[in-house]
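A look at the structure
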Amino acid sequence: MFELNKAIEEWQRPFRLSHIYSVDTIEELTHHLLDRYEEFLDQGSCDEVAFDKAVGKVGDEISLNDEHRKEWKSTPWHLRLLAAFRLEWQWIEKPTLRSLYIFGRLWTLGLGLWWVILIPLSIWRLIFRSDGWWFQPNQWFYLQGEPMLHLLGIASVFILIPFKPWSRTPENWLRVAFALLVVYTVFHNLRIAILDLGIYGGGDAFMWEVWLGLAPMMWVIQMFGRNTTLALKPRLDLSQSARLLKT
Amino acid sequence: MLSKELMAATIKPAVLAVLARKESYGYEIIKEVVELTNEQIEWGEGALYPLLHRLERQKLVESFWKIGDNGRRRKYYRLLPQGKTELAKEKEHWTLASDLLSKLWGPEPCLS
């Protein structure tokens with residue numbers, strides 16, 4: 001038995017997981033789909049066929065993607081970033097998770113920016129043998145890869161790859177690589193944190209490492225937040241449409 | 001049937017012209033164009049909505065949600081003063097192009 005709401009939910013799913021469609025756009029496209037659906041019903045198609053024809057006419061995420069993506073790419077990057085935050089804020093309905101998710105995003109963004117400033121400064125100080133207050137040459141180990149891992153945190157903010165089911169595409173392998181780096185970073189930071197306890201014997205060092213270790217964890221939270229959009233229901237209220245309720 | 005290139009070139013002035021007549025929503029705009037051209041031109045939704053959103057970003061049109069005749073919410077678009085200016089410019093360009101082609105393709109002048 002054909003269920004319109006379920007069919008709409010299935011059709012909407014890839015749109016909801018893509019960062020280039022706002023809630024407004026998806027609702028707009030859905031109403032357009034329903035207009036087409038009604039049109040085919042009026043022409044005598046049964047509801048399931050009418051819906052399939054409507055999808056064929058309006059298009060699915062793949063067929064609509066090109067033009068929308070062009071439009072998305074023509075938007076300045078900072079507006080895209082803001083839009084991505086706004087989208088995520090709209091889609092994650094659970095307030096606690098939403099706050100955590102946005103916090104995670106800001107955390108990685110802030111930490112990434114911190115390293116973007118810190119790395120050139122540290123290198124500059126090392127080159128000129130300055131006894132600056134920042135890093136001493138014997139603290140060179142701070143530059144041994146860890147900052148690069150945190151830069152991946154900021155990269156995850158900018159990449160904004162929509163989450164789709166697993167396939168052997170380069171995008172998905174990239175996600176696996178990120179996931180492995182996250183696991184590595186967490187263990188790496190924990191190891192250093194434990195070592196630091198022995199070397200310095202101070203809580204400060206431990207806190208510093210925990211702070212660094214939080215970045216990839218926040219990244220995991222981001223991905224987790226994105227996945228929850230899979231479970232969301234379409235926000236379309238069909239109750240007012242008498243014509244559709246009859247079907 | 002128009003070529004893909006010509007279809008892409010005409011969509012912006014045509015959408016602005018439809019909205020200059022009255023405020024409208026995506027499905028209605030497509031239907032109106034289909035009707036006006038005796039089903040010769042039908043834009044894909046994939047081309048129309050990104051254009052509408054771009055026009056909105058350029059402040060040529062504005063959008064608002066309204067309950068339609070069948071009780072469903074629809075996103076309507078309305079032409080803004082800047083959009084009217086843009087439409088006038090488009091009209092000028094297309095009239096120029098149309099005049100040129102009409103003259104070139106019109107009957108040969110009789111020289112005898």
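Now for a quick tour of the structure. Because the structure is a prediction, the values reported are computed rather than measured. (Residues numbered from 1 in each chain as written. Chains lettered and ligands numbered in written order. Predicted model: local features only at pLDDT ≥ 70, side-chain atom pairs only at ≥ 80, totals over all residues. Heavy atoms only, no water.)

So, on to the packing of aromatic side chains. Any pair of aromatic rings gets described here by the distance separating the centres and the angle formed by the planes. All names here are of chain B. For the coordinates displayed, the defined rule picks out five aromatic pairs over all chains. Relative to Y76, the ring of Y25 lies with its centre 5.2 Å away and its plane at 70°, an arrangement referred to as edge-to-face. One end of the pair, Y25, is in strand β1 (residues 24–25); the other, Y76, is in strand β3 (residues 73–79), with 51 residues separating them in the sequence. In this pair, the class of Y25 matches that of Y76, namely buried. (Phe/Tyr/Trp six-rings, centres within 6.5 Å; stacked < 30°, edge-to-face > 60°. Helix = DSSP H or I, 4+ residues; strand = E, 2+ residues; numbered from the N terminus. Buried < 20%, exposed > 50% of the residue type's maximum accessible area, 1.4 Å probe, protein only.)

Residue and element names in this part refer to chain B. A positive phi angle, near 65°, is found at K59, a position not held by glycine. Checked against the element boundaries, K59 lands in the loop between α3 (45–57) and β2 (61–67). A relative accessible area of 53% means that K59 is categorised as exposed.

Residues and elements named next belong to chain B. Read across the open sheet, the three strands follow the order β1-β3-β2; overall the sheet is antiparallel. On the outer flanks of this sheet lie β1 and β2, each paired with one strand and no other. Where β2 meets β3, seven bridges bridge the pair, whose relative direction is antiparallel. Following the sheet pairing, W65 is matched in β3 by K75. (Pairing = 2+ DSSP bridges.)

The next thing to look at is the pairing of β3 of chain B. With five of its seven residues buried, β3 of chain B lies for the most part within the structure. Once β2 of chain B ends, the chain turns through five residues before running back antiparallel as β3 of chain B, passing G71 of chain B with a positive phi of about 85°.

Let us look at a nonpolar patch on the surface. Residue and element names in this part refer to chain B. The grouping of L100, L101, L104 and W105 at the surface amounts to a nonpolar patch, some 480 Å² of accessible area in total. Among the structural elements, L104 can be located in helix α4 (residues 81–105). What makes L104 exposed here is its relative accessible area of 58%. (Patch = residues over 30% accessible without salt bridge, like charges linked within 9 Å, V, L, I, M, F, W, Y side chains within 5 Å. Areas by Shrake-Rupley, 256 points an atom, 1.4 Å probe, with all protein chains shown as cover. Salt bridge = Lys/Arg side-chain N within 4 Å of Asp/Glu carboxyl O.)

For the rest of this paragraph, the subject is the interface of chain A and chain B. Of the residues lining the interface, 24 residues belong to chain A; the matching set on chain B comes to 23 residues. Of the roughly 2200 Å² buried between chain A and chain B, counting both surfaces, carbon and sulfur atoms make up 45%. Considering only the side of chain A, the residues that lose the most area to chain B are E28, H32 and E71 of chain A, jointly responsible for 29% of the buried surface there. There are three salt bridges connecting chain A and chain B. The partner of K31 of chain B in a salt bridge is E39 of chain A, and the shortest N-O contact between them spans 3.2 Å. Run the count over chain A and chain B and you get nine residue pairs in polar contact (both at pLDDT 80 or more). (Contact = heavy atoms within 4.5 Å. Buried area = accessible area lost by both parts, 1.4 Å probe. Polar contact = N/O pair within 3.5 Å; in protein donor to acceptor, adjacent residues only side chain to side chain.)

Moving on, we get to the pattern of salt bridges. Residue and element names in this part refer to chain B. As enumerated under the stated definition, the model contains 11 salt bridges over all chains in all. Among the salt bridges present, the one from K12 reaches E86, with a minimum N-O distance of 2.9 Å. You can see K12 sitting in helix α1 (residues 4–21) and its partner E86 sitting in helix α4, a full 74 residues away along the chain. Linking E90 and K12 is a salt bridge whose minimum nitrogen-to-oxygen distance equals 3.8 Å. Here E90, found in helix α4, pairs with K12, found in helix α1; they are 78 residues apart in sequence, far enough to count as distant. According to the relative accessible area criterion, E90 is buried, its value standing at 13%. Overall, the relative accessible area of 22% leaves K12 in the partly exposed class.

Here we come to the nonpolar core. Formed by 44 residues in total, the largest nonpolar core has its most connected members in Y37 and F51 of chain A together with V15 and W43 of chain B. At seven residues, the largest contribution of residues to this core is made by helix α2 (residues 23–42) of chain A. Those residues in contact with V15 of chain B, other than ones at most four positions away along the chain, are I29, W43, L48, L51, L52 and L55 of chain B. (Core = buried A, V, L, I, M, F, W, Y, C linked by side-chain atoms within 4.5 Å.)

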